[in-house]
4 protein chains.
Amino acid sequence: MTKIPGAILNVVCPDRPGLVAMFANFVHSNGGNILNAEHHRDDGSGLFVSRLDWTLEAFKLSRTQLEAEVAKIAHDCGGVFKLFYYPQQTKVAIFVSKQDHCLFDLLIRFESGELLGQVVCIFSNHPELDRVAKMFNIPFFFSPAPKGGKIQHETRAKEVVKAHGADLIVLAKYMQILSPDFLENGQQIINIHHSFLPAFPGAQPYHNAYKRGVKVIGATAHYVTAELDAGPIIEQDIIRIDHRFSVADMIREGRDIERVVLARAVRWHLERRVIVFENKTAIFA
Amino acid sequence: MTKIPGAILNVVCPDRPGLVAMFANFVHSNGGNILNAEHHRDDGSGLFVSRLDWTLEAFKLSRTQLEAEVAKIAHDCGGVFKLFYYPQQTKVAIFVSKQDHCLFDLLIRFESGELLGQVVCIFSNHPELDRVAKMFNIPFFFSPAPKGGKIQHETRAKEVVKAHGADLIVLAKYMQILSPDFLENGQQIINIHHSFLPAFPGAQPYHNAYKRGVKVIGATAHYVTAELDAGPIIEQDIIRIDHRFSVADMIREGRDIERVVLARAVRWHLERRVIVFENKTAIFA
Amino acid sequence: MTKIPGAILNVVCPDRPGLVAMFANFVHSNGGNILNAEHHRDDGSGLFVSRLDWTLEAFKLSRTQLEAEVAKIAHDCGGVFKLFYYPQQTKVAIFVSKQDHCLFDLLIRFESGELLGQVVCIFSNHPELDRVAKMFNIPFFFSPAPKGGKIQHETRAKEVVKAHGADLIVLAKYMQILSPDFLENGQQIINIHHSFLPAFPGAQPYHNAYKRGVKVIGATAHYVTAELDAGPIIEQDIIRIDHRFSVADMIREGRDIERVVLARAVRWHLERRVIVFENKTAIFA
Amino acid sequence: MTKIPGAILNVVCPDRPGLVAMFANFVHSNGGNILNAEHHRDDGSGLFVSRLDWTLEAFKLSRTQLEAEVAKIAHDCGGVFKLFYYPQQTKVAIFVSKQDHCLFDLLIRFESGELLGQVVCIFSNHPELDRVAKMFNIPFFFSPAPKGGKIQHETRAKEVVKAHGADLIVLAKYMQILSPDFLENGQQIINIHHSFLPAFPGAQPYHNAYKRGVKVIGATAHYVTAELDAGPIIEQDIIRIDHRFSVADMIREGRDIERVVLARAVRWHLERRVIVFENKTAIFA
């Protein structure tokens with residue numbers, strides 16, 4: 001991402017001839033310089049999925065004018081259009097439980113500028129990772145989630161997220177299942193699951209992988225939806241294992257792929273490279 | 001594998017101190033030179049799994065004596081011991097349907113000596129691959145498998161396998177589900193499934209992978225058991241895909257991993273490197 | 001690739017604002033439907049690299065008109081433009097020595113239609129692979145290449161290539177170094193080298209990899225240029241090895257990546273997905 | 001690694017029949033329970049390379065007796081034998097320059113107990129990473145390395161290493177070349193190099209990879225020897241790239257493999273799983 005001000009348009013609409021030319025013309029004729037333009041036609045659904053990234057330096061339309069024009073085109077095309085500006089600073093809330101590897105990894109990447117955004121708070125159902133939050137000077141909020149206490153716990157989570165204005169919630173080994181009610185709260189939520197979904201959904205995937213005797217284990221970063229572990233997959237990766245791997249070995253090696261898979265998903269999301277359609281994702285990376 | 005005559009012992013028995021020393025002594029004190037000795041303790045089950053490979057050149061025991069000694073040790077250890085001799089030529093039957101990529105691949109590898117064994121027959125529920133069988137001068141048997149005709153089809157399969165003395169059946173894209181009755185026939189059976197099991201079992205895994213929007217696809221070679229796609233996994237591998245892959249692209253790329261995964265599994269099996277325990281495999285490769 | 005007639009344009013020219021819009025407009029305003037449009041800006045050189053693929057069904061320009069227009073744009077842009085039509089059948093000559101794995105692999109893929117083209121002849125400095133050529137009914141030409149006999153050997157090679165009208169030469173484990181003179185003959189030449197270049201150039205890469213104790217081995221498909229093993233890299237892949245791998249094991253495992261890497265490179269070339277700039281390649285796959 | 005006291009023996013000696021049995025007997029007859037025994041015969045050199053790991057709970061020999069016996073066997077075999085005890089705490093010095101990703105990664109892994117050892121000091125030719133050292137409460141020592149000041153810089157490094165009793169030095173993106181004099185200091189030194197050696201040795205491997213147009217980039221962890229980037233390779237890994245990767249993208253993605261490759265090498269070293277022979281390594285992982 002350059003530091004010059006620019007705009008990114010994410011498009012999902014029914015495909016028809018001439019869309020590529022239309023979008024390219026729209027940007028160019030208004031003085032924008034296209035830095036990246038990627039298009040995809042999904043043959044299954046007949047959808048056109050596109051990401052345009054252009055500079056706003058010499059752009060002739062104001063933000064208001066641009067948004068009005070985009071709304072008009074979206075209406076004509078019968079699609080979903082999303083417009084973003086940069087440089088931007090998405091506000092991110094990280095939810096954790098006791099494991100620290102993904103939290104550490106994200107905080108280091110945000111601090112170094114590798115991830116475009118700002119971690120505004122860390123929320124947990126356990127108190128332990130306050131230690132890590134303090135190392136990076138991020139506000140930490142602990143709210144227990146005992147049996148029967150989910151409503152109170154999630155109410156607190158909503159307050160914390162709202163108070164800090166977070167637009168994105170990253171579940172960095174947060175070992176609770178969010179209720180459908182929480183999901184209607186408006187923020188996008190990215191989760192890291194420690195298996196190559198759809199294999200081994202739910203709890204204890206490494207134990208189940210050990211039992212099944214698989215030769216690869218993996219991790220999956222996905223958007224959270226009401227159906228458990230069934231949201232749009234953003235990124236997956238795997239490592240090879242063999243019979244010598246105990247569950248503890250899998251957990252240790254798994255941490256390395258969980259970290260990388262989650263970090264990639266968060267980076268692509270923050271750079272508006274992930275476009276969701278038909279419960280799948282196109283990644284224009 | 002060397003060309004010097006030798007023996008391979010595959011062991012699964014309850015673990016106890018001293019087993020490694022006992023096996024090493026047994027071979028060494030009888031004049032065998034251990035070429036490879038690999039051991040594994042499965043912590044979940046407490047089982048000791050081992051593969052010993054030694055030369056018979058200066059071995060003091062006859063085959064009869066060796067087999068008697070091994071049977072005695074197996075009884076003492078309460079385990080399953082299997083003894084193989086080499087050079088050997090396992091007789092292999094290949095079952096196919098219409099797709100030729102795995103068949104070609106196996107025939108080329110057998111012909112070049114990469115796979116230790118002899119393809120004695122090819123059996124199919126379709127006539128098309130007679131063409132490939134002819135290129136390599138292998139007897140080809142076609143028996144249709146129409147709805148309601150499975151019993152007749154499998155009866156013919158059993159006859160062909162028996163007539164050619166095959167010890168191993170390789171399902172190289174044979175798109176039929178073998179009945180439990182057939183499985184009791186005695187030969188070991190290796191199948192290639194075109195997904196990273198346990199994801200996408202059953203039919204049309206690539207279509208289901210497309211629909212789910214996964215970022216990796218894979219292939220699994222496994223021993224066939226009565227429960228569909230649930231036998232011990234021998235080998236798996238994957239390739240990364242993205243939203244640009246159609247089902248046809250997946251099928252094309254998938255062929256490359258199916259070939260390699262099946263070939264590795266067959267090679268390890270023929271070299272007696274695969275030991276099954278607890279519906280899993282140890283691969284001493 | 002669809003079966004509808006279409007055109008593919010490969011472009012390399014200095015980048016400037018508006019190129020994406022210009023190309024999209026040119027195709028769309030003349031009645032073409034863009035199936036794929038991919039662009040790349042190489043920051044090191046400031047070059048714009050692009051591949052457009054559009055249908056010719058309703059295209060208003062004749063081939064002659066189209067070629068004239070493209071020549072005009074190329075002149076204006078100061079770039080190299082290449083225009084291809086499909087369906088097409090590139091004529092391919094395969095050069096081999098004694099190893100058959102890449103030859104078998106390519107012939108199977110061409111026969112199945114996975115590779116868009118036609119193998120018109122096989123040329124070798126050894127007689128052995130006539131056997132394989134016969135299995136697929138391809139003309140085979142043997143010309144020895146003894147010390148001091150390179151000129152005669154290459155003269156024969158040129159005759160064979162010319163007589164069969166081949167546009168592409170694939171060196172499928174052809175263990176001779178082609179002279180600069182041969183390279184000026186006009187055909188594009190793709191070679192498979194059995195290491196991850198630039199590591200282990202020249203002869204015996206697996207022996208050198210064994211000696212160096214690397215933990216990965218690889219294969220590289222590249223266009224042949226006058227400087228040995230230094231042409232534009234089209235594709236590379238690797239596999240992990242460990243200390244247990246002998247040179248023979250590396251050679252066996254290496255065959256699997258050589259096959260796949262070469263096949264991918266040939267496929268992308270034949271589908272005009274490879275664009276060379278600055279001795280590198282952009283792959284619009 | 002278990003928490004029960006145990007011993008690990010690393011062996012390199014000329015191979016001869018009966019070695020496996022001899023070692024197994026030696027341990028078993030003295031009351032040790034072998035937890036792991038792995039052997040490798042290097043065909044190139046005829047060397048036998050072995051790692052034995054056994055419990056000392058019921059072992060009948062004292063450490064003094066054990067060491068005397070091992071010395072005797074080593075003398076008989078004409079080999080190099082190394083004996084280690086556990087639980088142990090290897091003292092580790094980490095050398096860095098300005099980049100923090102490998103440092104952070106190692107400190108997190110040591111803190112979590114994933115790496116068996118204790119970081120006793122951090123030494124740098126730049127002051128910046130004192131910040132990270134403070135987060136983990138590790139003593140940090142800064143000594144500049146200006147042109148002409150290498151001797152003074154290395155003298156300080158030796159003092160710091162000696163004062164903290166470090167047995168292992170990890171170069172975690174320390175961008176200085178250590179002099180032969182420093183290398184004779186006695187500690188083992190592990191370095192992370194940001195390419196898949198032997199490709200792109202020396203400075204700026206990512207720039208050179210960009211220029212060459214490779215399709216994979218990698219990282220290599222190796223023991224440091226007097227010849228630059230030519231010491232025994234412990235671990236390597238790679239990631240695929242394509243023409244869209246700028247040098248900055250390579251550097252970012254490269255950090256992820258550098259981290260993991262270095263961490264694996266350090267872990268295997270600390271668990272005495274790395275045995276060096278013929279400037280190569282056997283990894284008994």
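Our structure's up above, just so we're on the same page.
Residues numbered from 1 in each chain as written. Chains lettered and ligands numbered in written order. Predicted model: local features only at pLDDT ≥ 70, side-chain atom pairs only at ≥ 80, totals over all residues. Heavy atoms only, no water.

S.K.: Lay out the overall build of chain A with the relevant residues and their values.
M.R.: For chain A, the helix and strand inventory stands at eight helices and 13 strands. Here the C-alpha atoms of chain A give a radius of gyration of 21 Å, agreeing with the 19 Å that 2.2 N^0.38 yields for 285 residues. Each of the three principal axes of chain A carries a C-alpha extent, and together these read 60 × 40 × 35 Å. Counting all 285 residues of chain A, 61% fall into the buried class. For chain A, contacts bridging at least 24 residues in sequence account for 67% of all contacts bridging at least 6. Carbon and sulfur atoms form 53% of the exposed surface of chain A, whose accessible area is close to 11,400 Å². Averaged over its 32 positive side-chain charges, chain A has a centre that lies 3 Å from the centre of its 31 negative ones. (Helix = DSSP H or I, 4+ residues; strand = E, 2+ residues; numbered from the N terminus. Rg over C-alpha atoms; globule rule 2.2 N^0.38 Å. Buried < 20%, exposed > 50% of the residue type's maximum accessible area, 1.4 Å probe, protein only. Contact = heavy atoms within 4.5 Å. Areas by Shrake-Rupley, 256 points an atom, 1.4 Å probe, with all protein chains shown as cover. Lys, Arg positive; Asp, Glu negative; His and termini not counted. Charge placed at Lys NZ, Arg CZ, Asp CG, Glu CD.)

S.K.: Give me the lowdown on the interface of chain C and chain D, citing residues and values where you can.
M.R.: With 35 residues of chain C in contact, the opposing surface of chain D contributes 35 residues. For the pair chain C and chain D, the two sides together bury roughly 2,800 Å², of which 53% comes from carbon and sulfur. Considering only the surface of chain C that becomes buried against chain D, C:Arg212, C:Lys215 and C:His243 emerge as the three largest contributors, covering 26% of it. Along the contact surface separating chain C from chain D lie four salt bridges. Between C:Asp237 and D:Arg240 there is a salt bridge, with the nearest N and O atoms lying 3.7 Å from each other. On the surface where chain C and chain D come into contact, there are 24 residue pairs in polar contact (both at pLDDT 80 or more). Looking at the side of chain C that touches chain D, the elements that each hand over two or more residues are β2 (34-42), α7 (205-212), β11 (233-240) and β13 (280-283) of chain C. No other element matches β11(C), which puts seven residues into the side of chain C that touches chain D. Here the residues of the side of chain C that touches chain D sort into 15 nonpolar, eight polar and twelve charged. (Buried area = accessible area lost by both parts, 1.4 Å probe. Salt bridge = Lys/Arg side-chain N within 4 Å of Asp/Glu carboxyl O. Polar contact = N/O pair within 3.5 Å; in protein donor to acceptor, adjacent residues only side chain to side chain. Nonpolar A, V, L, I, M, F, W, Y, C, P; charged D, E, K, R; others polar.)

S.K.: So what's going on with the relation of the copies chain B and chain A? Residues and values would help.
M.R.: Rotating chain B by 180 degrees and moving it 0.0 Å along the rotation axis overlays it on chain A with an RMSD of 0.0 Å. These values place the two chain copies in the arrangement generated by a two-fold rotation axis. Considering only C-alpha atoms, the part of chain B nearest the rotation axis is B:Ala199, at 2.3 Å. Same-surface contact between copies: 100% of interface residues of chain B are shared with the interface of chain A. (Least-squares fit on C-alpha atoms with pLDDT ≥ 70 in both.)

S.K.: Now, about unusual backbone geometry: what can you tell me, with residues and values included?
M.R.: Backbone geometry follows two general trends: most residues other than glycine have a negative phi, and most peptide bonds adopt the trans configuration. The omega angle of the peptide bond from C:Tyr86 to C:Pro87 is 0 degrees, so this bond is cis rather than trans. Looking at the secondary structure, you find C:Pro87 in the loop between β4 (80-86) and β5 (91-96). Of note, the bond from C:Leu197 into C:Pro198 is cis; its omega dihedral lies within 30 degrees of zero at 10 degrees. The residue C:Pro198 is located in the loop between β9 (188-193) and α7 in this model. Although it is not a glycine, B:Arg272 sits at a positive phi angle of roughly 60 degrees. Note on placement: B:Arg272 falls in the loop between α8 (247-270) and β12 (274-277). Residue B:Arg272 is classed as buried on the basis of its relative accessible area of 12%.

S.K.: Tell me about the pattern of salt bridges, and please be specific about residues and values.
M.R.: Evaluated as defined, the whole model comprises 100 salt bridges over all chains. Across the pair D:Glu111 and A:Arg131 runs a salt bridge whose closest N-O atoms are separated by 2.8 Å. You can see D:Glu111 sitting in helix α3 (residues 101-112) and its partner A:Arg131 sitting in helix α4 (residues 130-135), one on each of two chains. The salt bridge involving B:Arg267 is made with C:Glu253; its shortest N-O contact spans 2.9 Å. Of the two residues, B:Arg267 is situated in helix α8 and C:Glu253 in helix α8 (residues 247-270); the pairing between them involves two chains. Looking at B:Arg267, the relative accessible area reads 7%, which means it is buried. Among the charged side chains, a network of salt bridges with common partners joins A:Asp105, A:Arg109, A:Glu114, D:Arg255, D:Asp256 and D:Arg259.

S.K.: Any details on the side chain of A:His153? Residues and values, ideally.
M.R.: Residue and element names in this part refer to chain A. Structurally, histidine 153 can be placed in helix α5 (residues 150-163). The buried category is assigned to histidine 153, whose relative accessible area is 1%. Within the structure, histidine 153 has its side chain in polar contact with the backbone oxygen of serine 143 (distance 2.7 Å). Residues contacting histidine 153, with those up to four places away along its chain left out, are Phe123, Ser124, Asn125, Ser143, Pro144, Ala145 and Tyr174.

S.K.: For the packing of α3(D) against helix α8 (residues 247-270) of chain D, give the residues involved together with the corresponding values.
M.R.: A pair of packed helices is characterised by two quantities: the angle between their axes and the separation of those axes. Residue and element names in this part refer to chain D. Running from N to C, α3 and α8 cross one another at 40 degrees; their axes reach a closest spacing of 9 Å. Between α3 and α8, the crossing angle belongs to the class labelled oblique. Note that α3 runs across α8; the crossing there is right-handed. Where α3 abuts α8, its residues His101, Cys102, Asp105, Leu106, Arg109 and Phe110 lie against Arg255, Glu258, Arg259, Val260, Leu262, Ala263, Val266 and Leu270. Of the residues in the contact of α3 with α8, the class split is eight nonpolar, one polar and five charged. (Axes fitted to C-alpha atoms, helices over the stretch in contact; angles between N-to-C directions. Parallel < 35°, antiparallel > 145°, perpendicular 65-115°, else oblique. Left-handed = near helix turned anticlockwise from the far one by under 90°.)

S.K.: Describe in detail the packing of aromatic side chains, supporting the description with residues and values.
M.R.: Scanning the entire structure with this criterion turns up 38 aromatic pairs over all chains. Ring centres 5.9 Å apart and planes at 25 degrees place the aromatic pair B:Phe104 and C:Phe136 in the stacked group. Of this pair, B:Phe104 sits in helix α3 (residues 101-111) while C:Phe136 sits in the loop between α4 (130-135) and β7 (140-142), each in a different chain. In this structure, B:Phe104 and C:Phe136 share a single accessibility class: buried. Look at D:Phe23 and D:Phe48: their rings are 6.1 Å apart centre to centre, the planes differ by 0 degrees, and that puts the pair in the stacked class. Separated by 25 residues along the polypeptide, D:Phe23 in helix α1 (residues 19-29) and D:Phe48 in strand β3 (residues 47-55) bring together distant segments of the chain. Taken individually, D:Phe23 and D:Phe48 each receive the classification buried, so the pair is uniform in this respect. An aromatic cluster is built from A:Phe95, A:Phe123, A:Tyr174 and A:Phe182, whose rings are joined through pairwise contacts. (Phe/Tyr/Trp six-rings, centres within 6.5 Å; stacked < 30°, edge-to-face > 60°.)

S.K.: Give a detailed account of the relation of the copies chain C and chain D, specifying residues and quantitative values.
M.R.: Here chain C sits on chain D after a turn of 180 degrees about the axis and a move of 0.0 Å along it, with an RMSD of 0.0 Å. Of the interface residues in chain C, 100% have counterparts in chain D that sit at the interface too, so the contact is made through matching surfaces.

S.K.: Could you give an account of the packing of helix α1 (residues 19-29) of chain C against helix α2 (residues 63-77) of chain C, naming the residues involved and the relevant values?
M.R.: Residue and element names in this part refer to chain C. Relative orientation of the contacting elements α1 and α2 amounts to 170 degrees, with a least axis distance of 13 Å. In terms of axis orientation, α1 runs roughly antiparallel to α2. Contacts between α1 and α2 pair Leu19, Met22, Phe23 and Phe26 from the former with Leu66, Glu69, Ile73 and Cys77 from the latter. Across the contact of α1 with α2, the residue classes break down as seven nonpolar, no polar and one charged.

S.K.: An account of the interface of chain B and chain A is requested, with residue identities and associated values reported.
M.R.: Contact residues are listed per partner, giving 35 residues for chain B and 35 residues for chain A. Summing both partners gives a buried area of about 2,800 Å² for chain B against chain A, and 53% of it is carried by carbon and sulfur. For the interface between chain B and chain A, the tally reads four salt bridges. B:Glu235 is the salt-bridge partner of A:Arg240, the closest N and O atoms lying 2.8 Å from each other. Counting across the chain B and chain A interface gives 24 residue pairs in polar contact (both at pLDDT 80 or more). Where the side of chain B that touches chain A is concerned, the elements lending two or more residues are β2 (34-42), α7 (205-212), β11 (233-240) and β13 (280-283) of chain B. Class assignment of the residues belonging to the side of chain B that touches chain A gives a composition of 15 nonpolar, eight polar and twelve charged.

S.K.: A description of the environment of B:Asp53 should follow, citing residues and the corresponding values.
M.R.: Residues and elements named next belong to chain B. Note on placement: aspartate 53 falls in strand β3 (residues 47-55). C-alpha of aspartate 53 to C-alpha of leucine 35: the two residues are 18 residues apart in sequence and 5.5 Å apart in space. A polar atom in the side chain of aspartate 53 sits 2.5 Å from the side chain of tyrosine 86.

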